Amino acid sequence: MSWVVVVPVKGTPGAKSRLGAVPKREVLAEAFALDTVTALVAASAVQRVFVVTGNSHLGELLATLGAVIVPEAAFKPGGVTGHARLNAAIEQGVAAARRACFDSNLAVMTGDLPALRPVDVEAAFALAAEHPRSMVPDTEGGGTTALFAHAGVRLTPRFGRGSRAAHEADGHVPLNVSLTSTMRRDVDTAADLDAARVLGLGPHTIGLAALSKR
């Protein structure tokens, strides 16, 4: 069973603000995306990765990894912001992915999984094959790191506070993915980064994360 994956990447100066005073915070956010996409491209079940971003430089880097870049639609200043903007970007990527690969199964994954391993991606996709709609909760349990929908099945992103409950209400079955799976370890805070470091960071993040400990 093959999948196309949509990954939204903020790629703006305000990226990962909850990392606080961690050095090179915005560069770290870019590295998270690079390591997420590197792992996805290496997973045999992944047919294609579509990245939605408004950062052209980061888009070029992600394209060299094999991602298809979908330029994020421009928003008027003071218009759509925060999670509403994230969900709008995801919907843009979903539309592009389904136009290009209309008969493929669809996944949406956050771009902040710097410890992601292809073996964990494969395991989650195998579980997702059993349900028309499914999801992977984050490590804390209330959020979402991945959504899945079979070909032809509607998918509506509802990322933001309480996203797990919102996605469950929309028919996404929480998959029985281990708490130690790198699929669940997104990074929003310095403590999250420490936890991801224990799991094993990807090559783009590991050197920058070492600087954050100094």
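1. Observations regarding the overall build of the chain
Right, so step 1: Helix and strand counts for the chain stand at 7 helices and 7 strands.
Right, so step 2: A total of 214 residues make up the chain; the buried ones form 50% of that total.
Right, so step 3: Put simply, 67% of the contacts in the chain that link residues at least 6 apart link residues at least 24 apart.

2. Considerations on the sheet that holds strand E3 (residues 68–71)
Right, so step 1: Read across the sheet, 7 strands follow the order E3-E2-E1-E4-E6-E5-E7 without closing on themselves; strand pairing throughout is mixed. Looking along the sheet, the strands with just one partner apiece sit at the ends: E3 and strand E7 (173–174).
Right, so step 2: Pairing analysis gives 2 bridges linking strand E5 (residues 133–137) to E7, with the strands arranged parallel. Considered in E7, the bridge of Ser134 is made with Val173.
Right, so step 3: Set on the sheet, helix H1 (residues 25–42) makes contact with strand E1 (3–9), strand E2 (46–53) and strand E4 (105–109); between it and E2 the angle comes to about 160°.

3. Some thoughts on the nonpolar core
Right, so step 1: Core analysis: the biggest nonpolar cluster contains 31 residues, and Phe125, Phe148 and Met183 have the highest contact counts within it.
Right, so step 2: Elements with a contribution of two residues or more to this core: E1, H1, E2, helix H2 (56–64), E4, helix H4 (118–128) and strand E6 (144–149).
Right, so step 3: Ignoring anything within four residues of it in the chain, the contact list for Phe125 reads Trp3, Val5, Ala45, Val46, Ala107 and Phe148.
Right, so step 4: Ranked by size, the runner-up nonpolar core spans 19 residues in total, among them Leu106, Val108, Leu155 and Phe159.

4. A word on the pairing of E1
Right, so step 1: Of all 7 residues in E1, 7 are buried, a share of seventy percent or more.
Right, so step 2: Residues of E1 alternate between two faces, with Trp3, Val5, Val7 and Val9 on one and Val4, Val6 and Pro8 on the opposite face, all of them buried.
Right, so step 3: Bridging between E1 and E2 involves 7 bridges; their strand directions are parallel. Looking across to E2, one finds that Val4 is bridged to Arg48.
Right, so step 4: Two strands pair when backbone bridges link them, and E1 and E4 are joined in this way by 4 bridges, in the parallel orientation. Looking across to E4, one finds that Trp3 is bridged to Asn105.

What counts as what
- Residues numbered from 1 in each chain as written.
- Predicted model: local features only at pLDDT ≥ 70, side-chain atom pairs only at ≥ 80, totals over all residues.
- Heavy atoms only, no water.
- Helix = DSSP H or I, 4+ residues; strand = E, 2+ residues; numbered from the N terminus.
- Buried < 20%, exposed > 50% of the residue type's maximum accessible area, 1.4 Å probe, protein only.
- Contact = heavy atoms within 4.5 Å.
- Pairing = 2+ DSSP bridges.
- Axes fitted to C-alpha atoms, helices over the stretch in contact; angles between N-to-C directions.
- Core = buried A, V, L, I, M, F, W, Y, C linked by side-chain atoms within 4.5 Å.

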